[in-house]
Amino acid sequence: MKLIDGKAIAAKMKEDIKRETLALKEQGVTPGLAVVIVGGDPASQTYVASKERAADSLGFYSVKKELDQGVSEEALLKLVQELNEDEKIHGILVQLPLPDHIDAKKVLNSIDIRKDVDGFHPENIGKMIIGDEAFLPCTPNGIIKMLEYEGVAIKGKHAVVLGRSNIVGKPMAALLLAEDATVTVCHSKTRNLKEITALADILVAAVGIPGYVTPDMVKEGAVVIDVGINRVEGRLVGDVDFERVKDKTSLITPVPGGVGPMTITMLMYNTIESAKRKRED
Ligand code: NDP
C-alpha cells in the first residue's frame, strides 16, 4: 500500500501556479478571484477562509464579499452581475449552500461562464461532457490530476464511482470516461453494491457516510480515492474505513490530506487559466 499525499501534490501544483502568476503579473495581468459567502455557516466560513488564504499565498488579487443571511436573491444576483463585469476578476465562486429563500441554481447560472471557476454552470458541464474546453469541477479534476501524478493508468480500467451528486459523482464519472475508463456509477438505489465495488480497479467514494467502504467491498490491489469529509467526534474522517481497507489497496488517499487540498488548488488552477484566456482575448 502507498499513500497518495494530496497535500504534497497540491503544494507542487501551487509552486507552478505561483510561477505562472509572477509571469502574468509581468505582463500586467493579476489573476483575480472573488468569493461570495452568504450567512455565517461555520463550515462555509472555514472553506472560504482556506480559499482566500490560498489565493493570497499565490499572489492573486482576492476579494471576499460577505452578505447577511437575510440578503435578497435580487441583491445577490446584482452582486454577481457586478463581478461578471469587473475586469479585475477572472474567477467567481459563490459558496454553497445558500439560504433556502435563494434559488441557488439561478445564482450559479448567472455567473459568466468565462468566470465560472467552480465549473458548476450547466454550459460548462455540457462542454465537459462533450469534451470541449471548459472549466472542470475542482474535486473530480483534482482526483484526475492526482492519479496522473501517481502514474495510475486509467485507460481500460474499471472505475467505480460511489455517489452521483452534481458536484462530485456525476462529473467524476464523466472525467474518468473521458480518460477511457469503463465507468460504473453506484448510488443509494444500487443493488448488489458490494459485488460491483469489488470489481473496481479504481474506486472513488463520495457518499458522505463515515467509514462506508469496508474491506469486503474492495478488490485486492485497487486504487481507492476517498472524497468524503465527515466530522465524527470532532475528527475529520472519510467515507472509507481507512485502517481496515488500506492494506488491500495499492494506492489510497488519506482524510484529511488527500482529495481536500487538491480541490482548493484546482480552484486556483482554474482561476489562472481564466486569467490566461482573458490575456489572449
Ligand atoms: P451528496 O450528499 O450530494 O451525494 C451523496 C451521494 O451518495 C448520492 O448520490 C447518494 O445517492 C449516495 N449515497 C448515499 N447513501 C448511499 C448508500 N448507502 N449507498 C450508496 N450510495 C449512497 O454528497 P456530495 O457528493 O456533495 O459529497 C460526498 C462527500 O464528499 C461528502 O462527505 C462531502 O463532504 C465530501 N466532499 C468533499 C470534497 C473535497 O474537497 N474533498 C468536495 C465535495 C464534497 P442518491 O443520489 O441515490 O441519493
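Every value quoted in this text rests on a predicted model; they were computed, and no experiment measured them.

Enumeration according to the criterion identifies zero aromatic pairs in this entry. Its guanidinium or amino end placed over the ring of Phe135, Arg277 lies 4.4 Å from that ring's centre, counting from NZ or CZ.

The immediate surroundings of the ligand are formed by 21 residues, with Arg164, Ser165, Ser188, Tyr212 and Thr263 found nearest. Between the ligand and Val227 there is a distance of 3.3 Å, counted from a nitrogen atom to a backbone nitrogen or oxygen. In this structure, Thr263 approaches the ligand through a side-chain N or O atom, which is 2.7 Å from an oxygen atom. In isolation the ligand has 930 Å² of accessible area, and contact with the protein removes 70% of it. When each cavity is represented as a set of grid points, the ligand is found to reside in the largest pocket. Counting residues per element, the shell around the ligand draws most heavily on helix H10 (residues 259–280), at three residues. For the shell around the ligand, the residue count by class is 10 nonpolar, 10 polar and one charged.

With respect to the helices and strands, Asn124 occurs in helix H5 (residues 122–130). Within the local environment of Asn124, its side chain forms a polar contact with the backbone oxygen of Ile113, the two atoms lying 3.4 Å apart. Excluding anything up to four places from it in sequence, Asn124 contacts Ile113, Asp116, Gly119, Ala134 and Phe135.

According to the stated counting rule, one finds 15 salt bridges in the structure shown. When the shortest N-O distance is used, the salt bridge between Lys106 and Glu73 registers 3.0 Å. Of this pair, Lys106 sits in helix H4 (residues 104–109) while Glu73 is found in helix H3 (residues 73–85), placing the two residues 33 residues apart along the sequence. Overall, the relative accessible area of 43% leaves Lys106 in the partly exposed class. Of the charged contacts in the structure, one is a salt bridge between Lys276 and Glu273, with a shortest N-O distance of 3.1 Å. Taken together, the positions of Lys276 and Glu273, both in helix H10 and three residues apart, correspond to about one turn of that helix. One network of salt bridges, in which partners are shared, links Glu20, Glu273 and Lys276.

Attention shifts here to empty space enclosed by the protein. By the definition in use, this model includes one cavity of 30 Å³ or more. If you add up the space inside the largest cavity, you get close to 30 Å³. Looking at the largest cavity, the residues that line it are Val94, Leu108, Ile111, Asp116, Asp118, Phe120 and His121. Per-class residue counts for the lining of the largest cavity are four nonpolar, one polar and two charged.

A separate point is the sheet that holds strand E3 (residues 61–67). Read across the open sheet, the three strands follow the order E3-E2-E4; overall the sheet is parallel. Both outer strands of the open sheet, E3 and strand E4 (91–94), are each paired with one neighbouring strand and no more. Averaged over all adjacent pairs, the angle separating strand axes in this sheet is 15°, with direction ignored. The pairing of strand E2 (residues 32–38) with E3 spans seven bridges and is parallel. Among the inter-strand pairings, Val35 is bridged to a residue of E3, identified as Lys64. Docked against the sheet, helix H2 (residues 42–57) engages E2, E3 and E4, running at close to 160° with respect to E3. In this fold H3 packs onto E2, E3 and E4, with an angle of close to 175° to the strand it touches most, E2.

What counts, and where the lines are drawn
Residues numbered from 1 in each chain as written. Predicted model: local features only at pLDDT ≥ 70, side-chain atom pairs only at ≥ 80, totals over all residues. Heavy atoms only, no water. Phe/Tyr/Trp six-rings, centres within 6.5 Å; stacked < 30°, edge-to-face > 60°. Lys NZ or Arg CZ within 6 Å of the ring centre and 35° of its normal. Near = heavy atom within 4 Å. Polar contact = N/O pair within 3.5 Å; in protein donor to acceptor, adjacent residues only side chain to side chain. Areas by Shrake-Rupley, 256 points an atom, 1.4 Å probe, with all protein chains shown as cover. 1 Å grid on protein atoms, 1.4 Å probe; cavity = no way out; pocket = protein on both sides within 12 Å on 5 of 7 lines; lining within 4 Å. Sits in = over half its atoms within 2 Å of the grid points. Helix = DSSP H or I, 4+ residues; strand = E, 2+ residues; numbered from the N terminus. Nonpolar A, V, L, I, M, F, W, Y, C, P; charged D, E, K, R; others polar. Contact = heavy atoms within 4.5 Å. Salt bridge = Lys/Arg side-chain N within 4 Å of Asp/Glu carboxyl O. Buried < 20%, exposed > 50% of the residue type's maximum accessible area, 1.4 Å probe, protein only. Points joined across faces, edges and corners; volume = space filled by probe spheres on them. Pairing = 2+ DSSP bridges. Axes fitted to C-alpha atoms, helices over the stretch in contact; angles between N-to-C directions.

Distances and angles like these do not, on their own, reveal function.
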